[in-house]
2 protein chains.
Amino acid sequence: MGHGCAALPRANMSLDQTCVNTIRCLAADVVQKAESGHPGAPMGCAPMAHVLWSRVMKYNPSDPKWFARDRFVLSNGHACALQYIMLHLTGYAVSMDELKRFRQLGSITPGHPENFLTPGVEVSTGPLGQGLSNAVGLALAEKHLAARFNKPGFPLIDNYTYVICGDGCLQEGVTSEASSLAGHLRLGKLIVLYDDNNITIDGETEISFTEDVIMRYQAYGWHTQVLTDGNSDVDSILRAIEAAKAVADKPSLIKVKTVIGFGSKKQGTEKTHGAPLGAEDVAHVKKSFGFNPAESFVVPEPVSQLYRSAVTRGQALEQEWQALFAKYTAAFPDDAKLLTRLMSNALPPNWEDVLPKYTAADPAKATRQLSEICLNKLAEVLPELMGGSADLTGSNLTYLKCSQDFQHATPLGRNVRFGVREHGMAAICNGMHAYGGVLPYCATFLNFVGYAAGAVRLSSLSHHQVIYVMTHDSIGLGEDGPTHQPIETIPYLRSMPNHLLIRPADGNETSGGYILAVRSRNRPSTLCFSRHAVPNLAGSSIEGTLKGAYVIHDVAVPAAVLISTGSEVSIAIEAAKLLGDVRVVSAPCLEIFDEQPLVYQRSLFPPGLPIISVEMASTFGWASRAHVSIGIDRFGASAPAKALFAKFGFTADQIAVKTKAVIAHYKGAAPDLYAKPAL
Amino acid sequence: MGHGCAALPRANMSLDQTCVNTIRCLAADVVQKAESGHPGAPMGCAPMAHVLWSRVMKYNPSDPKWFARDRFVLSNGHACALQYIMLHLTGYAVSMDELKRFRQLGSITPGHPENFLTPGVEVSTGPLGQGLSNAVGLALAEKHLAARFNKPGFPLIDNYTYVICGDGCLQEGVTSEASSLAGHLRLGKLIVLYDDNNITIDGETEISFTEDVIMRYQAYGWHTQVLTDGNSDVDSILRAIEAAKAVADKPSLIKVKTVIGFGSKKQGTEKTHGAPLGAEDVAHVKKSFGFNPAESFVVPEPVSQLYRSAVTRGQALEQEWQALFAKYTAAFPDDAKLLTRLMSNALPPNWEDVLPKYTAADPAKATRQLSEICLNKLAEVLPELMGGSADLTGSNLTYLKCSQDFQHATPLGRNVRFGVREHGMAAICNGMHAYGGVLPYCATFLNFVGYAAGAVRLSSLSHHQVIYVMTHDSIGLGEDGPTHQPIETIPYLRSMPNHLLIRPADGNETSGGYILAVRSRNRPSTLCFSRHAVPNLAGSSIEGTLKGAYVIHDVAVPAAVLISTGSEVSIAIEAAKLLGDVRVVSAPCLEIFDEQPLVYQRSLFPPGLPIISVEMASTFGWASRAHVSIGIDRFGASAPAKALFAKFGFTADQIAVKTKAVIAHYKGAAPDLYAKPAL
Ligand SMILES: [Ca+2]
Ligand SMILES: [Ca+2]
């Protein structure tokens, strides 16, 4: 047993076929050893993977992040045994031992691909449809950066994005959205191999998926091809990929007919999808491919040699590219400097300085308008800032006036017109961030985060710095009514790990909020902005915002503390002024506040004083920070904003009355919310 | 000014055209008076609405819920001025005064249609794509109930579902999912009128939406037609609808070319989309249609007469149907009795009795297996129970063995194969519930609620009783890893108004959980089930479950209370047994617990004792109920479940150690979490 110790099976079998069968046997072994996983798709897709890694893709296993590499996305992430096997075989830092620790605690071969864990994995997949949608973002970023940096004779940015996906991905709405946009944008360097095995988890696709996928993709404006034998005709796969590359102005879908679990006794059935084949069937697989059924994890020497040639090939490719980049640096020093900065994911010095500061004398504005100012200021110093709205540009106020639309004919443009495609938009932004060199933002109404939640979660999990610009963030949006008014969205995003929920109260906090979002290189942020105007507050500051929460209004001897966010802070301050003995804490970002030293956190809340939260959203989650919560634990209503504020208790008068009652209730002896046992 | 007081304008104008123009003028007036709203789409879609309400649809304004009515869905809900105008004109209880109170507090004419507020509104729309997807559910339910109840000569269930939608709806992924399934299921009585006006909020569709919609719907298996003049050619719309009805085995898409804001100076531009036209332009509209620009809210008498004839026509139609139903009742008394029960949304007597009870001697099972038993028991006594999984039937264990697949050829089947279409699935279930006569359930992994969140929210807002059967509800799913392990999903659903989050600990609680879900006729429930086996607990009971939370393990003199849910309850009890002085409260449904009398709520938590929550999810939101929370405030990991339980602190030993520390910290003087001021 072991790597490289067995002879090439069946002398008359071509090396290509032996490679493919080696992958299949390894896939069966990997899943069998783990006693968990999905052998069927890796065995079915082995020929495509073989062609991509041995004949097609440009990559350097010694430098998985080499910027000019082709990107590969396994959209059917449950087939990840295949990806790990290819990374191992081609010399990435994925050892045979890691293959043997598939799906075990602490391995780098988890049950679905995680970009932050495994070298060579571009994006986290498994939740169906995300990978293909990410790939649209990868190809979009490539197209933009190529337009930005390439010069005649200097094709610095010039890679393809390859995807393998199954029918599950093609059934998901997120894929429909992203694919329609990819067709519109004519992303010609996106090539998708569709593993058409006629099988889903529930059985044959016939029971639920009978649409004509090829016609659908033609309707999207894609170039399409159909291969009838994806099990053994390796050459046809290669020829189809070459044909796809030749069509420069359309993304390509290649439907490849395969048999799931090819080689298994259960091949062609859903039984090979989501469980190990069993020892007996694994032996059968090996026998049918001419391998020794008594041996596991075997890579015949010629197979190993063929794949390992990727290491030297990759190093040579990167050296060649580095030489080109050196010449480019001499010829175009400014562009080279910028590209170097972007590739290293660094920010330019003093970028924050462009963001405006305000005083209470500045006119009241909706925070979405203040956001527009910040976005446009940032766009001037951060050429990597690129994004747009899901067809609400004029409401979200997210257009970068210093640039133009990103379209097929104008790839330099940094304003992406996502269309009414929230989920696709977020998934595409994840892909744009994964590419590198761009800082993606996207926008819709806060409530419609719900449409994009599948991808927003993956921004957080995968450490994609996507800036979500979410306007119309409360009942303050008024007449559009409860279908548009977020209630549970804010607690939802606060409960999501590795995600900043930022809700600025005014101009300074909007500037501070953008600083937090741009600084957070390793996580996404959701910036929540009001539709309605709010005053600039005397006590607000960027510095305070950067601590997540701070005292914005104070008195000599407070009797209570109001903690508030966003557009409600100004109402809380009005209420405090009515009462005369109340401190107000503005809390634009509770996650950042939780990262401050405990002594600072406690300093905002004098012992014994009751804390009352004031936020026009579900009160869910506030009890850890406030004794009493003023919020909205029902759906909203359709009416002008002012009428809604009164109806839901968000006037200074109503808050003052409640605050008085709370002060009377606790009599200066409210329990200490910060006195928790250390566990 | 006023209703019915003006003469018919322009003698040579056909009555049809006058009707259409009356609608357009009213739409301009309604939005202008509200100083808010969307005039463009109502004006553009007026001809379609006129044809539907005057020539096509079967409905009874005096009985908006008449079961045999055609269903109408305005998928572009922002065009709701149109719907309210049609309801008013045809004699529904939507007065002219209500049109004048469009988008005002307390009116029944909110900014987007709300099914629970306005007679004649079938589903809540506005969030794009939901309406068309709901319509698939409406048509699906019709097809099933027709197969179930109709007999030769008794076409009791025989209605069409009509939709008006815009390009926004067609860009949304949820629509793609639902439309693909509608084509697969050959829902021939679903007819969609696509208002193709080339305009989105951001401008011309050219900037982001250039796919071939007709080809795409052909790929889905739909019947398609294109009308080039939707502004004035009323007959062509009628003929197209008749042609669509003639194709009985395919859903139909009719693309109708219109000009947005037809009649406005700004017609054909996005400027008519989302804001009042302005007084001057409203006057222009009226002049161009031969109306008196000085008058508002005018309905010419012939127009009024034509539409109001719907009242007597509708009454006659319903009487005819009632006569048919009387004959049916005589001929098929059992079927009639069942249909009567279903139409009245009543449950049969003693249905709960079929659900199993367990003792601690019963073998350990995954709660998803216990769920399967309940679903199948319920299916026998509740013929209305109908649903399925998003291609995870074998994992969710949601197949009703007493029935078969619901397919075109087998419409009696109650097992819907939704495919990998979570968002579409949830939206379709909303539509099924809106139809009446079926109790829809649907399933996926709990984490993928995120994919369906847009529609899950609308279940809650619209009071649709959809039962979400969500398995693999924690890190206990093991190897599939963090992309599949819910962390924030549970707090998300708990923070959503009008939604039950039910997480049973064992067999009795699973039975109790289903009772809660089936009983809750006015709200959706999410039932969370484990992938892994859990023991049947000595102290568990259906009765306790029906209170939302109850003491499941007790001691004479407790020193602390562990409150836990789902698969963690058994671990909490183990920990309590190790310590010997700890009470355990099982809390399968906190929303139901909050509805119990305060004296019962307090009785579970003796004064001064610390309360510790134990749940394998984000701790967000627990602080209102527990002094300390043991949970998971990060993303999970890929490994066998047992290894993850140890890693994340969910072993009896680790919980016992922490509980001891908490007891020591509070020394019997933990603050009273139930002593909050009444505000
Ligand atoms: Ca191509
Ligand atoms: Ca039809």
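Residues numbered from 1 in each chain as written. Chains lettered and ligands numbered in written order. Predicted model: local features only at pLDDT ≥ 70, side-chain atom pairs only at ≥ 80, totals over all residues. Heavy atoms only, no water.

### Quick notes on the overall build of chain A
Logical step 1: Helix and strand counts for chain A come out as 24 helices and 21 strands.
Logical step 2: Taking 2.2 N^0.38 as the reference for a compact globule, 679 residues should give roughly 26 Å; the C-alpha atoms of chain A span a radius of gyration of 28 Å, in line with that estimate.
Logical step 3: With the C-alpha coordinates of chain A rotated into their principal frame, the extents come out at 90 × 55 × 45 Å.
Logical step 4: Out of the 679 residues belonging to chain A, those deemed buried represent 69%.
Logical step 5: For chain A, the share of sequence-separated contacts (at least 6 apart) that also reach a separation of at least 24 residues comes to 76%.
Logical step 6: Summed over all atoms, the accessible surface of chain A reaches about 20,100 Å², with 53% contributed by carbon and sulfur. (Helix = DSSP H or I, 4+ residues; strand = E, 2+ residues; numbered from the N terminus. Rg over C-alpha atoms; globule rule 2.2 N^0.38 Å. Buried < 20%, exposed > 50% of the residue type's maximum accessible area, 1.4 Å probe, protein only. Contact = heavy atoms within 4.5 Å. Areas by Shrake-Rupley, 256 points an atom, 1.4 Å probe, with all protein chains shown as cover.)

### Details of the sheet that holds strand β19 (residues 582–586) of chain B
All names here are of chain B.
Logical step 1: Strand order across the open sheet formed by 5 strands is β17-β19-β18-β20-β21, with mixed pairing between neighbours. Both edges of this open sheet fall to β17 (550–553) and β21 (628–630), since each of them pairs with a single strand only. Neighbour-to-neighbour, the strand axes of the sheet open up by a mean angle of 30°, direction not taken into account.
Logical step 2: In this sheet, strand β20 (residues 611–614) lies alongside strand β18 (residues 560–564) in parallel orientation, the contact comprising 4 bridges. Along β20, the bridge assignment pairs V561 with I611. (Pairing = 2+ DSSP bridges. Axes fitted to C-alpha atoms, helices over the stretch in contact; angles between N-to-C directions.)

### Considerations on the coordination of the calcium ion (ligand 1)
Logical step 1: Within the protein, G188 of chain A (O), A244 of chain A (O), V247 of chain A (O), K250 of chain A (O) and S252 of chain A (OG) serve as the donor atoms for the calcium ion (ligand 1), at 2.6 to 2.8 Å.
Logical step 2: Binding-site remark: the calcium ion (ligand 1) is held by donors from one chain whose sequence spacing is G-x55-A-x2-V-x2-K-x1-S. (Donors = N, O, S within 2.8 Å, 3.2 Å for Na, K, Ca; no water.)

### Comments concerning the relation of the copies chain B and chain A
Logical step 1: Between chain B and chain A, the superposition needs a rotation of 180° and an axial shift of 0.0 Å, giving an RMSD of 0.0 Å. Overall, the copies show the geometry of a two-fold rotation axis. (Least-squares fit on C-alpha atoms with pLDDT ≥ 70 in both.)

### Here's the deal with the side chain of T18 of chain B
Residue and element names in this part refer to chain B.
Logical step 1: Along the polypeptide, T18 turns up in helix α1 (residues 15–34).
Logical step 2: With relative accessibility at 0%, the residue T18 sits in the buried group.
Logical step 3: Looking at T18, its side chain comes within polar contact range of the main-chain oxygen of S14, at 3.0 Å. (Polar contact = N/O pair within 3.5 Å; in protein donor to acceptor, adjacent residues only side chain to side chain.)

### Re the pairing of strand β6 (residues 223–227) of chain B
All names here are of chain B.
Logical step 1: Counting buried positions over the 5 residues of β6 gives 4, a clear majority of the element.
Logical step 2: By the bridge criterion, 5 bridges tie β6 to strand β7 (residues 252–257) in an arrangement that is parallel. Paired with Q225 across the two strands is I254, which belongs to β7.
Logical step 3: Handedness of the crossover joining β6 and β7 through helix α9 (residues 234–246) is recorded here as right-handed. (Right-handed = clockwise from strand over helix to strand, strands pointing away.)

### So, the packing of α1 of chain B against helix α10 (residues 279–288) of chain B
Residue and element names in this part refer to chain B.
Logical step 1: α10 packs onto α1 with a crossing angle of 165° between their chain directions and a minimal axis gap of 9 Å. Between α1 and α10, the crossing angle belongs to the class labelled roughly antiparallel. Here the hand of the crossing between α1 and α10 comes out left-handed. Residues C25, A28, D29 and Q32 of α1 lie in contact with α10, whose contacting residues are A279, V282, V285 and K286.
Logical step 2: Of the residues contributing to the contact of α1 with α10, the split by class is 5 nonpolar, 1 polar and 2 charged. (Parallel < 35°, antiparallel > 145°, perpendicular 65-115°, else oblique. Left-handed = near helix turned anticlockwise from the far one by under 90°. Nonpolar A, V, L, I, M, F, W, Y, C, P; charged D, E, K, R; others polar.)

### Brief notes about the pattern of salt bridges
Logical step 1: Tallied over the full model, the rule gives 54 salt bridges over all chains.
Logical step 2: Residue D29 of chain A pairs with K286 of chain A through a salt bridge whose shortest N-O separation is 2.5 Å. Pair noted here: D29 of chain A is in helix α1 (residues 15–34) and K286 of chain A is in helix α10 (residues 279–288), with a separation of 257 residues, a long-range link. Taken as a pair, D29 of chain A and K286 of chain A share a single burial class, namely buried.
Logical step 3: The salt bridge partner of R69 of chain B is E122 of chain B, with a shortest N-O separation of 2.7 Å. One end of the pair, R69 of chain B, is in the loop between α2 (40–56) and β1 (71–74); the other, E122 of chain B, is in the loop between α4 (96–100) and α5 (130–149), with 53 residues separating them in the sequence. Both residues of the pair, R69 of chain B and E122 of chain B, count as buried.
Logical step 4: It is possible to trace a salt-bridge network through shared partners that takes in E142, D158 and K189 of chain A. (Salt bridge = Lys/Arg side-chain N within 4 Å of Asp/Glu carboxyl O.)

### Considering the confidence of the model for chain A
Logical step 1: On average, residues of chain A carry a pLDDT of 96, and 98% of them reach 70 or more.
Logical step 2: Note on residues 1–8 of chain A: pLDDT under 50 across the span, and 23 contacts to partners over four residues away in sequence or across chains. (pLDDT = per-residue confidence, 0-100.)

### What about α10 of chain B?
Residues and elements named next belong to chain B.
Logical step 1: Within α10, the full set of buried residues consists of D281, V282, A283, V285 and K286.
Logical step 2: Check the buried side of α10 and you find it contacts α1 and α2.
Logical step 3: The first or second residue beyond α10 is G290, which carries a positive phi of 80°.

### Quick word on the environment of G478 of chain B
All names here are of chain B.
Logical step 1: Residue position: G478 is located in the loop between β13 (467–471) and α17 (489–494).
Logical step 2: On the basis of relative accessibility, which here comes to 0%, the residue G478 falls in the buried class.
Logical step 3: Linking G478 and Y217, residues 261 residues apart in sequence, is a C-alpha distance of 40 Å.
Logical step 4: Beyond its immediate stretch of four places on either side in the chain, G478 contacts Q485, A637, S638, A639, P640, A641 and L644.

### Brief notes about the state of the cysteines
Logical step 1: This model, assessed by the stated rule, comprises 0 disulfides over all chains.
Logical step 2: This cysteine, C374 of chain A, is not joined by any disulfide, and C402 of chain A carries the nearest cysteine sulfur, 14 Å off.
Logical step 3: Considering cysteine sulfurs only, C45 of chain B is the nearest to C80 of chain B, which forms no disulfide, with 12 Å between them.
Logical step 4: According to the relative accessible area criterion, C80 of chain B is buried, its value standing at 0%. (Disulfide = S-S within 2.5 Å.)

### Topic: the coordination of the calcium ion (ligand 2)
All names here are of chain B.
Logical step 1: Protein coordination at the calcium ion (ligand 2) comes from G188 (O), A244 (O), V247 (O), K250 (O) and S252 (OG), with a distance range of 2.6 to 2.8 Å.
Logical step 2: Between consecutive donors of the calcium ion (ligand 2), the numbers of intervening residues give the motif G-x55-A-x2-V-x2-K-x1-S.
Logical step 3: Residue S252 is classed as buried on the basis of its relative accessible area of 0%.

### Some points on the packing of helix α20 (residues 568–579) of chain A against helix α24 (residues 652–666) of chain A
All names here are of chain A.
Logical step 1: Between α20 and α24, the least distance of the axes is 8 Å, while the angle of their chain directions is 60°. Relative to α24, the element α20 is oriented oblique. Relative to α24, α20 is oriented so that their crossing is right-handed. Residue-level contacts link I571, E574, A575, L578 and L579 of α20 to A652, D653, I655, A656, T659 and K660 of α24.

### Quick look at the sheet that holds strand β12 (residues 439–445) of chain B
All names here are of chain B.
Logical step 1: The strand order across the open sheet built from 7 strands is β10-β11-β9-β12-β13-β15-β14, with neighbouring strands paired in parallel fashion. Whereas interior strands pair on both sides, the edge strands pair on one side only; in this sheet they are β10 (405–406) and β14 (500–502).
Logical step 2: As judged from the 4 bridges shared by β13 and strand β15 (residues 525–528), these two strands associate in the parallel manner. Across the sheet, residue Y468 finds its bridge partner in β15, namely T526.
Logical step 3: On the sheet, helix α13 (residues 367–381) packs against β9 (385–389), β12 and β13 and is oriented at approximately 150° with respect to β9.
Logical step 4: Against the sheet, helix α15 (residues 422–435) touches β9, β12 and β13, its axis set at about 170° to β12.

### Some details on the side chain of S460 of chain A
Logical step 1: Relative to the helices and strands, S460 of chain A is located in helix α16 (residues 449–461).
Logical step 2: Ignoring any residue separated from it by four or fewer positions in sequence, one finds S460 of chain A in contact with M496, P497, N498, H499 and P524 of chain A together with F635 of chain B.

### Focus: helix α15 (residues 422–435) of chain A
All names here are of chain A.
Logical step 1: Look at α15: 20 Å from first C-alpha to last across 14 residues, which is about the 20 Å you get at 1.5 Å a residue.
Logical step 2: Taking burial as the measure, the 14 residues of α15 include 14 buried ones, the bulk of the element.
Logical step 3: Trailing α15 by a residue or two, G436 shows a phi angle of about 95°, which is positive. (Expected span 1.5 Å × (residues − 1).)

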